[in-house]
Amino acid sequence: MSEQAQNTPVSGSETHRTMAIVSYILLLAGWPTLHMATLVGVILAYVQRGDARGTLWEGHYEAIISTFWTALVLGVVAIPLCFVGVGFLLLAGVIIWFLYRTIRGLVHALHNRPY
């Protein structure tokens, strides 16, 4: 029985699910690793996005990519604003928003639901 399980190919949907979960985990792991893991997660999402066209996983990859770019742009805008105090509030909002979108996507991926 175990020999048959080893020879069974992994379905495309299961591969996309695994890659989406890994990408979300890498986004979350980016905080203690100076966002090096975040970059790997976004690159992984870019690579997998084309193969996932027309599946529920396409939305997950799009969410990962858009969350990264939006957080990056808002973070770059917020850093100079820290000198006048407003940037700290904006950075806090960006961090909370980033964590919310990433955790929400991870939970949906774990339950095989679209983003």
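What counts as what
- Residues numbered from 1 in each chain as written.
- Predicted model: local features only at pLDDT ≥ 70, side-chain atom pairs only at ≥ 80, totals over all residues.
- Heavy atoms only, no water.
- 1 Å grid on protein atoms, 1.4 Å probe; cavity = no way out; pocket = protein on both sides within 12 Å on 5 of 7 lines; lining within 4 Å.
- Points joined across faces, edges and corners; volume = space filled by probe spheres on them.
- Helix = DSSP H or I, 4+ residues; strand = E, 2+ residues; numbered from the N terminus.
- Nonpolar A, V, L, I, M, F, W, Y, C, P; charged D, E, K, R; others polar.
- Patch = residues over 30% accessible without salt bridge, like charges linked within 9 Å, V, L, I, M, F, W, Y side chains within 5 Å.
- Areas by Shrake-Rupley, 256 points an atom, 1.4 Å probe, with all protein chains shown as cover.
- Salt bridge = Lys/Arg side-chain N within 4 Å of Asp/Glu carboxyl O.
- Buried < 20%, exposed > 50% of the residue type's maximum accessible area, 1.4 Å probe, protein only.
- Phe/Tyr/Trp six-rings, centres within 6.5 Å; stacked < 30°, edge-to-face > 60°.
- Lys NZ or Arg CZ within 6 Å of the ring centre and 35° of its normal.

### A few points about the layout of surface pockets
Item 1. Taken as a whole, the largest pocket holds about 300 Å³ of empty space.
Item 2. If you go around the largest pocket, you meet 14 residues; those closest to its centre are Trp31, His35, Ala71, Leu72 and Gly75.
Item 3. At the level of secondary structure, the elements contributing two or more residues to the lining of the largest pocket comprise helix H3 (36–49), helix H4 (56–81) and helix H5 (86–110).
Item 4. Looking at which element gives the most residues to the lining of the largest pocket, the answer is H4, with 6 residues.
Item 5. When grouped by side-chain class, the residues that make up the lining of the largest pocket number 11 nonpolar, 3 polar and no charged.

### A short note on a nonpolar patch on the surface
Item 1. A surface patch of nonpolar side chains, about 600 Å² in accessible area, is lined by Val73, Val77, Leu81, Phe83, Val84 and Val86.
Item 2. Broken down by element, the nonpolar patch gets its largest block of residues, 3 residues, from H4.
Item 3. Take Phe83: it is sitting in the loop between H4 and H5.
Item 4. The exposure class of Phe83 is exposed, given its relative accessible area of 75%.

### Focus on the packing of aromatic side chains
Item 1. All chains considered together, the criterion is met by 2 aromatic pairs.
Item 2. Taking the centre distance of 5.5 Å and the plane angle of 80° together, the rings of Trp31 and Phe98 count as edge-to-face. Placement of Trp31 in the loop between helix H2 (12–29) and H3 and of Phe98 in helix H5 is noted, with a sequence separation of 67 residues between them.
Item 3. Judged by its relative accessible area of 4%, Phe98 is buried.
Item 4. Ring geometry for Phe68 and Trp69: centres 5.0 Å apart, planes at 75°, overall edge-to-face.
Item 5. Given a relative accessible area of 13%, Phe68 falls into the buried group.
Item 6. Taking the ring centre of Tyr115 as reference, the NZ or CZ of Arg104 above it sits at 4.6 Å.

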